[in-house]
Amino acid sequence: MLQTLWNSRVNCIAVILFAVGFATLLLHRNLFKKILGLNIMDTASCLLLTSMGYIEGRTAPIIVDGVTDVTRYGNPLPAGLVLTGIVVSVSVTAVMLALTVKLYERYHTLDLDEIYMIARQEAGKEAPQ
Amino acid sequence: MSFAVNLPLFCIVASLVCSVVSSVLDGKHARWLSMWLSFAVAVSSLLVLGAVRENGEPITYIMGHFPHPWGNEIRMGLLEGFFSLVFSTVLFLCMKGAKIKLSQDLEPSKSQFYFVMTDLIQASLLVLVYTNDIFTGYVFIEICTLASCGILMIRQIGRTTLASVRYMIFSLIGSGLFLLGVTILYNITGHLLLPSLHEAAGALWQTGQYRIPLTSSICLITVGLAIKSGLFPFHYWMPDTYGCATPCSSAILSGLVSKGYIFFLLKVIFSGFGTEVFYGSGVQNVLFVFGICGMIFGSIGAIRENDIFRMLANSSAAQIGYVYLGIGISPEAGVIGALFHILTHAVTKPVLFLSASRLSDAAGGSKRFKDLQGCGYAFPLAGFAFSLGALSMIGIPMTMGFMSKYLLAVAGLEVSTKAVPTLLALALSTILNTFYFARTIIRLYTPGTPLARVTARKAQAPFGLSAICFSLLNLAAGIFASPLIGLLRQGLEYFGKVG
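Residues numbered from 1 in each chain as written. Chains lettered and ligands numbered in written order. Predicted model: local features only at pLDDT ≥ 70, side-chain atom pairs only at ≥ 80, totals over all residues. Heavy atoms only, no water.

Residue and element names in this part refer to chain B. Under the definition given, this model contains eleven salt bridges over all chains. Notably, a salt bridge pairs Arg155 with Asp105, separated by 3.8 Å at the nearest N-O pair. Taken together, the positions of Arg155 in the loop between helix 6 (134-153) and helix 7 (158-189) and Asp105 in helix 4 (residues 99-105) put the pair 50 residues apart, joining distant regions of the chain. Here Arg155 and Asp105 have matching classes, each one buried. (Salt bridge = Lys/Arg side-chain N within 4 Å of Asp/Glu carboxyl O. Helix = DSSP H or I, 4+ residues; strand = E, 2+ residues; numbered from the N terminus. Buried < 20%, exposed > 50% of the residue type's maximum accessible area, 1.4 Å probe, protein only.)

What follows is the structure, encoded as structure tokens:
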């Protein structure tokens, strides 16, 4: 049991990180910390992919010294997926930050509960939870 | 092999190019470009549909000539061609019908960016429909999310920003779960292309190896897409979002974007996991239960609303529940009911949003029910289109809504354990639907004095055209449903056929 855990320690860390990020994104009231949670979540997925793509003793698939043996090289696809994931995460973060700036300009707070309260007062009607 | 097999890729690339070009055009030309793009996509989808019919089996278009398990593929079947036809037609009609409203709601200097977003939505819907690669799907899910957020927040009133933040948070939770699911799936199978995934997942399921990771990845992918399409209990963003966005955005989001995610989920289930694995994992029962909850609670939410747009938004949550109910029942009849309901909702909800906006114009911009009294007389066409849409959502015979409820009920009867809950849920939700839609129609046709009878009476033509097209589509598909069901049935067979 412990041996299995130790062997898949990186995966465990990735899943824990994902859970931390997920909970922060879902439950935290502060908008900025929600964005941090989002980034932690994406990073955890990247970590999981990278750790699976890495095999001890293998190198990047660039042929050096004419060695064409497949077992010398790792699969480049996981790294490619991680890169794509990072690009997606960056663009999403940028949009979220822009929205946060807009909200702050209007409501002068980053606390979502407070923003809802202000919006509710402004609309003079019930705001959803 | 005919030339038509190249068209899906051309359409996707053309949408992306148009979105870039639109950003440097002025609003009017960008709108023109965007609309004709949708039209061109609709025509090419027809050609693709013809090519698939002729070929007699699904066509796989290999990009870069690397056959699977490498490379990236586009897959054309009957369902793919048909749904891209429906999606692009609805998008075209939405933009046509909301022409005047859009010019009022958008700042003239920024209006071209709206059409950048619609082009991107068009591109991502096409990719979600056609792609055969799960990671490509993920990337375009995110593009779709960002573009949807764009068409929400472009109407600059304070609440839209707040609503877009909510929308983004729920969407990001969904896509985060989806990405984790894809990662786990890739780790245990080593594949991203759906056909290879199908073989690998089937083999893993049979040997029982990696059972827990496989099941959890199925759960994560399903739940991720369900959250993004707004299944109960994750539908709380809907009323806020659809309530304050410009009506065209609400129509596109509820009619198309959420349906795109569901279609992609079905594609992953049928071509990726395989029905045996998915329906063996038990996840469908979760969808079934939450689908029923969505149907009931969405309708109850709609009854409690005092604002016509928020009512329609809650009703959308209920309709999403119907679709997931169908997916949860069974892989054959249930999914056909779900697919038919996707069509019903895609044709009905946009016209409801557009005509509601027209009616609220007659009430001087108010969305409250008490101000809408008698507005059906001020704009007869909008009143008619709204009433027909509402009747279709209730499920009156001769409309599409009746057929989808019928199909779902028949599908439910085939599965003994799910027959009673399905029928009860359908009955209860129909009663609730009737309650709030009938109340609205009665309110619209109670004689009263609309506040601003004269506002914007001019230029009804674009809205009228789109409302008539939507209503005709609804009636035609409701009356002549059997060829449509035949197409869906054959398409579903092609869907599962992996090769």
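What follows is about the nonpolar core. Residues and elements named next belong to chain B. By size, the foremost hydrophobic cluster in this structure holds 193 residues, and its most contacted members are Phe83, Ile134, Ile252 and Ile327. Of all the elements, helix 7 adds the most residues to this core, at 17 residues. In terms of nonpolar packing, the next biggest core, distinct from the first, is built from 14 residues, Tyr322, Leu408, Ala409 and Ala425 among them. (Core = buried A, V, L, I, M, F, W, Y, C linked by side-chain atoms within 4.5 Å.)

At the junction of the two partners, chain B supplies 34 residues and chain A supplies 36 residues. Surface buried jointly by chain B and chain A totals about 3300 Å² across both partners, of which 77% is contributed by carbon and sulfur atoms. On the chain B side of the interface with chain A, the three residues burying the most area are Leu162, Leu172 and Tyr186 of chain B, jointly 16% of the side's total. Where chain B packs against chain A, one counts zero salt bridges. Where chain B meets chain A, there are one residue pair in polar contact (both at pLDDT 80 or more). When residues of the side of chain B that touches chain A are assigned to their parent elements, the largest contribution, 19 residues, is made by helix 7 of chain B. (Contact = heavy atoms within 4.5 Å. Buried area = accessible area lost by both parts, 1.4 Å probe. Polar contact = N/O pair within 3.5 Å; in protein donor to acceptor, adjacent residues only side chain to side chain.)

Below, the discussion takes up the packing of aromatic side chains. Applying the stated criterion across every chain, the model contains 25 aromatic pairs over all chains. A ring pair is formed by Trp237 of chain B and Tyr242 of chain B, whose centres lie 5.9 Å apart and whose planes are at 85°; its orientation type is edge-to-face. For Trp237 of chain B, a relative accessible area of 2% gives the class buried. The buried category is assigned to Tyr242 of chain B, whose relative accessible area is 1%. A network of ring pairs unites the aromatic residues Phe82, Phe83, Phe87, Phe263, Phe270 and Phe495 of chain B as a single cluster. Note that Arg9 of chain A overlies the ring of Trp6 of chain A, its terminal NZ or CZ placed 4.3 Å from the centroid. The ring of Trp205 of chain B carries the charged tip of Arg211 of chain B above its face, separated from the ring centre by 3.8 Å. (Phe/Tyr/Trp six-rings, centres within 6.5 Å; stacked < 30°, edge-to-face > 60°. Lys NZ or Arg CZ within 6 Å of the ring centre and 35° of its normal.)

Another point: the pairing of strand 2 (residues 72-76) of chain B. Residue and element names in this part refer to chain B. Counted residue by residue, strand 2 has four buried out of five residues, so it is predominantly covered. As paired strands, strand 1 (residues 59-63) and strand 2 are joined by five bridges and run antiparallel to one another. Pairing of Tyr61 across the sheet is with Ile74, part of strand 2. (Pairing = 2+ DSSP bridges.)

Here the focus is helix 7 of chain B. Because each turn of an α-helix spans 3.6 residues, side chains separated by three or four positions end up pointing in the same direction. All names here are of chain B. Between the first and last C-alpha of helix 7 there are 46 Å, a value that for 32 residues agrees with the 46 Å anticipated at 1.5 Å per step. Across the 32 residues that make up helix 7, a large majority, 31, are buried. One or two residues past the end of helix 7 sits Gly190, with phi positive at roughly 80°. (Expected span 1.5 Å × (residues − 1).)

On average, residues of chain B score 89 in pLDDT, and 97% of them reach the 70 mark or higher. Predicted confidence in chain B is weakest over helix 16 (residues 375-378) of chain B, with a mean pLDDT of 80, and strongest over helix 1 (residues 7-22) of chain B, with 94. (pLDDT = per-residue confidence, 0-100.)

Here the focus is the packing of helix 3 (residues 78-97) of chain B against helix 11 (residues 247-273) of chain B. Residue and element names in this part refer to chain B. The contact between helix 3 and helix 11 brings their axes to 10 Å, and the two run at 170°. As judged from the angle between their axes, helix 3 and helix 11 are roughly antiparallel. For the pair helix 3 and helix 11, contact is made by Leu79, Glu80, Phe83, Phe87, Val90, Leu91, Cys94 and Met95 and by Cys248, Ala251, Ile252, Leu256, Lys259, Gly260, Phe263 and Lys267, respectively. Its residues placed into classes, the contact of helix 3 with helix 11 shows twelve nonpolar, one polar and three charged. (Axes fitted to C-alpha atoms, helices over the stretch in contact; angles between N-to-C directions. Parallel < 35°, antiparallel > 145°, perpendicular 65-115°, else oblique. Nonpolar A, V, L, I, M, F, W, Y, C, P; charged D, E, K, R; others polar.)

Right, let's get into the environment of Phe435 of chain B. Residue and element names in this part refer to chain B. One can find Phe435 in helix 19 (residues 416-445). Taking the relative accessible area as the measure of exposure, Phe435 reaches 47% and is therefore partly exposed. Considering only alpha carbons, one finds Phe435 and Ile300, 135 residues apart in sequence, at a separation of 9.8 Å.

We now examine the side chain of Ser171 of chain B. All names here are of chain B. Locating Ser171 in the fold gives a position in helix 7. Note on Ser171: relative accessible area 3%, which makes it buried. If near-sequence neighbours (up to four positions away) are discounted, Ser171 is found in contact with Thr145 and Lys228.

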